[in-house]
Amino acid sequence: MKTADIRQAFLDFFAANQHAVVESSSLIPGNDPTLMFTNAGMNQFKDTFLGQEKRSYTRATSSQRCVRAGGKHNDLENVGYTARHHTFFEMLGNFSFGDYFKEEAIHFAWTFLTEELKLPKERPLKGLESRSH
């Protein structure tokens, strides 16, 4: 499956579950002087989460273009040394503005992975196979 297929499947899944599909915002936030670059999928919803902005929807999904630029969990020095650290990436996200919480978010994620992407439910997580409970 290609990256574009996964991205579209993610957006389609959440759209089918009453989430508004929101376009990626600019890599340079126009209305937030606290950010130099968009570094997370939730950046464009910051004012909504803070209660400073009201949206016409209570559920959203997006594929946000992001720049890894350091910060609190600075792993910028890992760029180029691992397969998962890039300076430019897209962050898939689903967001609720008071409509649902962790339990339903976990259900959405599990359903997307096991029913939409057909990942096996029994598959152990890499690195956790040998851990005892």
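Check the entry above for the structure.
All values reported here derive from a predicted model rather than from experimental measurement.

Just to check I follow, could you spell out the overall build of the chain for this structure?
For the chain, the helix and strand inventory stands at three helices and three strands. Secondary structure elements of the chain occur, N-terminal to C-terminal, as α-β-α-β-β-α. In the chain, once contacts between residues fewer than 6 apart in sequence are set aside, the share between residues at least 24 apart is 63%. Summed over all atoms, the accessible surface of the chain reaches about 9700 Å², with 55% contributed by carbon and sulfur.

What is the right way to read the pairing of strand β2 (residues 59-67) from this model?
A regular strand carries its side chains on alternate faces of the sheet. Burial runs high along β2: eight of the nine residues are buried. Sheet topology note: the strand β1 (residues 20-22)/β2 ladder contains three bridges and is parallel. Paired with Val22 across the strands is Ser62, a residue of β2. Relative to strand β3 (residues 88-96), β2 runs antiparallel, the two being bridged by nine bridges. Among the inter-strand pairings, Arg59 is bridged to a residue of β3, identified as Ser96.

Help me understand unusual backbone geometry in this model?
With glycine set apart, most residues show a phi of negative sign, and most peptide bonds adopt trans. Its identity is not glycine, yet Gln18 carries a phi of approximately 60°, on the positive side. Here Gln18 lies in the loop between α1 (3-16) and β1. Gln18 sits in the exposed class, given a relative accessible area of 58%. One non-glycine residue, Lys118, lies in positive phi territory at about 65°. Examined against the element boundaries, Lys118 turns out to sit in the segment after α3 (102-116).

Which parts of the structure should I look at to understand the side chain of Thr48?
Positionally, Thr48 belongs in helix α2 (residues 46-49). Thr48 gets classed as buried once you look at its relative accessible area, which sits at 11%. Only 3.2 Å separates the side chain of Thr48 from the side chain of Arg55, close enough to count as a polar contact. In this view, Thr48 contacts Glu53, Arg55 and Phe97; residues no more than four positions away in its chain are not counted.

What counts as what
Residues numbered from 1 in each chain as written. Predicted model: local features only at pLDDT ≥ 70, side-chain atom pairs only at ≥ 80, totals over all residues. Heavy atoms only, no water. Helix = DSSP H or I, 4+ residues; strand = E, 2+ residues; numbered from the N terminus. Contact = heavy atoms within 4.5 Å. Areas by Shrake-Rupley, 256 points an atom, 1.4 Å probe, with all protein chains shown as cover. Buried < 20%, exposed > 50% of the residue type's maximum accessible area, 1.4 Å probe, protein only. Pairing = 2+ DSSP bridges. Polar contact = N/O pair within 3.5 Å; in protein donor to acceptor, adjacent residues only side chain to side chain.

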